[in-house]
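# Observations on the model geometry
So you can see what is in the structure, the chains are spelled out below.
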Amino acid sequence: MKTWHMIVDVSKCVGCYNCMLACKDEHVGNAWLPYTDEQSLHGDKWINPVRVERGSVPFTEVAFVTKTCMHCDDVPCAKKCPDAIKKREDGIVLIDQVRARGNKNLVDACPYGHIHWNEELQTAQKCTMCAHLLDEGWEEPRCVQACPLRALSVVYCDDIEFDQMVEKQKLKPLTDGSNRPRVLYKNLYKINKCFVAGALAYMDGDIETAATEAKVKLSMNGIPLLSTYVDFLGEFKLDKLPKNSGTYTLECFMEGCKTIEQEVTIEEDSINLGCLMFEKA
Ligand code: SF4
Ligand code: SF4
């Protein structure tokens, strides 16, 4: 049996907020009952690209992780409020909009903060995956349609096909996975892993010059893990290091120069090593 899934690629999202605006456009001023009452103009964001920064100046990086109701298969919200929240056969989780009126407790039913309280209408609401459109034959919800970089996509397929997709594309949940979310992510390292960055230079007479021919290698306990050449500015970045993963050895090589060796300890944040200077061999 085919069901709906959403895939979010963190590496493609630029934080344009088109998805959020398309969601507002679809739902503000429009009550798509019985799927959902209208969304409030301000405040509630049923889909929300959240900005995450890594590193420190000058080696900083910004990524956006777009968050929304994950239409969980374990359905923690429906377990808490079985009368008001239901999962459809196609995987979409909806709130009964009659039972939602005046029932602020429903907001606490989602442990991930994806049920919102509409003050004007005094009702609980959330992303419906635009079920009113999908049921009419649309191939994707408004947010997905509006994403200019295809950072969002939906898949309507059976479990076996989706499991293969999860494996092949290395899709991961944003949570610990116990809620069995239908919204899965690609390239989450952009928000939950660390990088080591720096620049390499040498003195050419009395001029500090970028070491554009240099190579760097990161290893742990003598086991090489990552390596890269520097870019045209002599800068490097080694990414996807797990938080609190311990102490690594960074080695920097350039022909005619002594090897630079430095210990780097990864805790919660990415590391900026600044400019490292080669000495002539
Ligand atoms: S993300 Fe929250 S509201 Fe959405 S299905 Fe899961 S528990 Fe329910
Ligand atoms: S529309 Fe796409 S690129 Fe723009 S913020 Fe949303 S997910 Fe990111």
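Just above sits the structure.
Reference entry: report on the structure contained in this document. (Residues numbered from 1 in each chain as written. Chains lettered and ligands numbered in written order. Predicted model: local features only at pLDDT ≥ 70, side-chain atom pairs only at ≥ 80, totals over all residues. Heavy atoms only, no water.)

What follows concerns the overall build of the protein. A count of helices and strands for the protein gives seven helices and 17 strands. Taking 19 Å as the expected radius of gyration for a compact globule of 281 residues, we find that the protein reaches 24 Å, considerably beyond that expectation. If you line up the protein on its principal axes, its C-alpha atoms span 75 × 35 × 35 Å. In the protein, which comprises 281 residues, the share counted as buried stands at 47%. Within the protein, residue pairs in contact and separated by at least 24 positions form 59% of the contacts whose partners lie at least 6 positions apart. Charged side chains in the protein number 33 positive and 42 negative. The centres of these two groups are separated by 3 Å. (Helix = DSSP H or I, 4+ residues; strand = E, 2+ residues; numbered from the N terminus. Rg over C-alpha atoms; globule rule 2.2 N^0.38 Å. Buried < 20%, exposed > 50% of the residue type's maximum accessible area, 1.4 Å probe, protein only. Contact = heavy atoms within 4.5 Å. Lys, Arg positive; Asp, Glu negative; His and termini not counted. Charge placed at Lys NZ, Arg CZ, Asp CG, Glu CD.)

What follows concerns unusual backbone geometry. Each neighbour pair has its own omega, and for Leu33 with Pro34 the value is 10°, a cis peptide bond. With respect to the helices and strands, the residue Pro34 is situated in the loop between helix H1 (18–27) and strand S2 (47–56). Here Val57 and Pro58 are connected by a cis peptide whose omega angle stands at 5°. Examined against the element boundaries, Pro58 turns out to sit in the loop between S2 and strand S3 (59–68). Residues other than glycine seldom take positive phi values, yet Met129 does so here, at roughly 55°. Looking at where Met129 falls in the secondary structure, it is placed in the loop between strand S7 (123–125) and helix H4 (131–134). For Asn187, which is not a glycine, the phi torsion comes out positive at approximately 60°. Relative to the elements of secondary structure, Asn187 occurs in the loop between strand S9 (183–186) and helix H7 (189–192).

With respect to spatial proximity, 13 residues lie near ligand 1, and among them Cys69, Met70, Cys72, Cys77 and Cys110 are the closest. Of the residues that constitute the shell around ligand 1, the class distribution is ten nonpolar, two polar and one charged. (Near = heavy atom within 4 Å. Nonpolar A, V, L, I, M, F, W, Y, C, P; charged D, E, K, R; others polar.)

This part is about the pattern of salt bridges. Tallied over the entire structure, the rule returns 19 salt bridges. Two residues, Arg99 and Asp96, come together in a salt bridge whose shortest N-O distance is 3.6 Å. Owing to a relative accessible area of 46%, Arg99 belongs among the partly exposed residues under this scheme. Taken together, the shared-partner salt bridges in this structure form one network comprising Arg54, Glu61, Lys190, Lys237 and Asp239. (Salt bridge = Lys/Arg side-chain N within 4 Å of Asp/Glu carboxyl O.)

Bringing the pairing of strand S16 (residues 260–266) into the picture now. The pairing of strand S15 (residues 246–253) with S16 spans seven bridges and is antiparallel. Bridge pairing links Glu251 to Glu261 in S16. Remark: six residues form the turn of the hairpin made by S15 and S16, two consecutive strands paired antiparallel; Gly256 in that turn has positive phi of roughly 85°. (Pairing = 2+ DSSP bridges.)

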